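# Results of the structural survey
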Amino acid sequence: MKILGFKIPIVYMPNEELEDRYAQVFGEDEAGMVLGNYDGVRKVINLNEDVYPKKHEGGPDEEETRLHETIEAINSITGIEMSHPQIATLSAVLHQVFVDNGYKPLKWK
Ligand SMILES: [Zn+2]
């Protein structure tokens, strides 16, 4: 996906690998079930392929996670410094607004 001038690939990875990477950044205590994350060093969005096994078919939960990680990427790239609760609220509500108003052009690459 393209965000500003960056090309941010979406890479699916197994739960264990995703949790290991998450723990490296946020500490072991924070690692639980990670649905996805934005890796600001590699500039990659990772999604959990054990949770979303049908890659790129994008069910409702997966779309919301992709939207969440997209906002994480925007937050990181632009440095607007939203807190995680702000990001989580924004992604959940934006997703609801898109779904309930028939906004469908979310064709993620
Ligand atoms: Zn997050």
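The shown structure was predicted, so the numbers you read here are calculated from the model rather than taken from an experiment.

## Things to note about helix H1 (residues 15–26)
Under the 1.5 Å per step criterion, the end-to-end length of H1 is 16 Å for 12 residues, consistent within 8% with the ideal 16 Å. Phi turns positive, to about 95°, at Gly27, one or two residues after H1.

## So, the nonpolar core
Ile8, Tyr38, Ile45, Leu47 and Ala73 form the largest nonpolar core, which has 5 residues in total. Those residues in contact with Ile45, other than ones at most four positions away along the chain, are Ile8, Ile10, Gly36, Tyr38, Glu69 and Ala73.

## Structural notes on the sheet that holds strand S4 (residues 36–39)
Strand order in the open sheet formed by 3 strands is S3-S5-S4, with mixed pairing between adjacent strands. Each edge of the open sheet is held by one strand with a lone partner, namely strand S3 (10–13) and S4. Taking each pair of neighbouring strands and ignoring which way they run, the sheet shows an average axis angle of 25°. Across 4 bridges, S3 lies against strand S5 (residues 44–48) in parallel orientation. What sits directly across from Tyr12, in S5, is Leu47.

## Overview of unusual backbone geometry
A positive phi angle, near 50°, is found at Leu4, a position not held by glycine. Residue position: Leu4 is located in the loop between strand S1 (2–3) and strand S2 (6–7). The exposure class assigned to Leu4 is exposed, which follows from the 9 C-beta atoms found within 10 Å. With phi around 55°, Lys43 is a residue other than glycine that occupies positive phi space. With respect to the helices, strands and loops of the structure, Lys43 is situated in the loop between S4 and S5.

## Some remarks on the pairing of S4
Strand residues, when the strand is regular, have side chains that alternate between the two faces of the sheet. In this sheet, S5 lies alongside S4 in antiparallel orientation, the contact comprising 4 bridges. For Asn37, the partnering residue across the bridge sits in S5 and is Asn46. Connecting the antiparallel pair S4 and S5 is a turn made up of 4 residues, with Lys43 showing a positive phi of about 55°.

## Regarding the confidence of the model for the protein chain
In the predicted model, the protein chain carries a mean pLDDT of 86, and the fraction of residues at 70 or more is 84%. Mean pLDDT across the elements of the protein chain ranges from a minimum in H1, with 84, to a maximum in S2, with 95.

Here is what the cut-offs are and how they apply
Positions within a chain are numbered from 1, following the residues in the order the chain's sequence is written. Where local features are concerned, this predicted model is filtered to residues with pLDDT of at least 70; where side-chain atom pairs are given and counted, the filter is 80 or more; whole-chain, interface and lining totals use all residues. Think of it this way: any DSSP run of H or I at least four residues long counts as a helix, any run of E at least two long counts as a strand, and we number them from the N terminus. What a helix should span is 1.5 Å times the count of its residues minus one. By definition, a nonpolar core groups buried Ala, Val, Leu, Ile, Met, Phe, Trp, Tyr and Cys residues that are joined through C-beta atoms within 7 Å. Here exposure depends only on C-beta density: within 10 Å of a residue's C-beta, 20 or more other C-beta atoms make it buried, 12 or fewer make it exposed, and intermediate numbers make it partly exposed, the C-beta atoms being placed from the backbone. What counts as a contact is two residues whose backbone-derived C-beta atoms lie within 7 Å of each other. When DSSP finds two or more bridges between a pair of strands, those strands are recorded as paired. What counts as an axis is a line fitted to C-alpha atoms, over the stretch in contact for a helix, and the angles between N-to-C directions run from 0 to 180 degrees. Residue-level confidence of the predictor, termed pLDDT, takes values from 0 up to 100.

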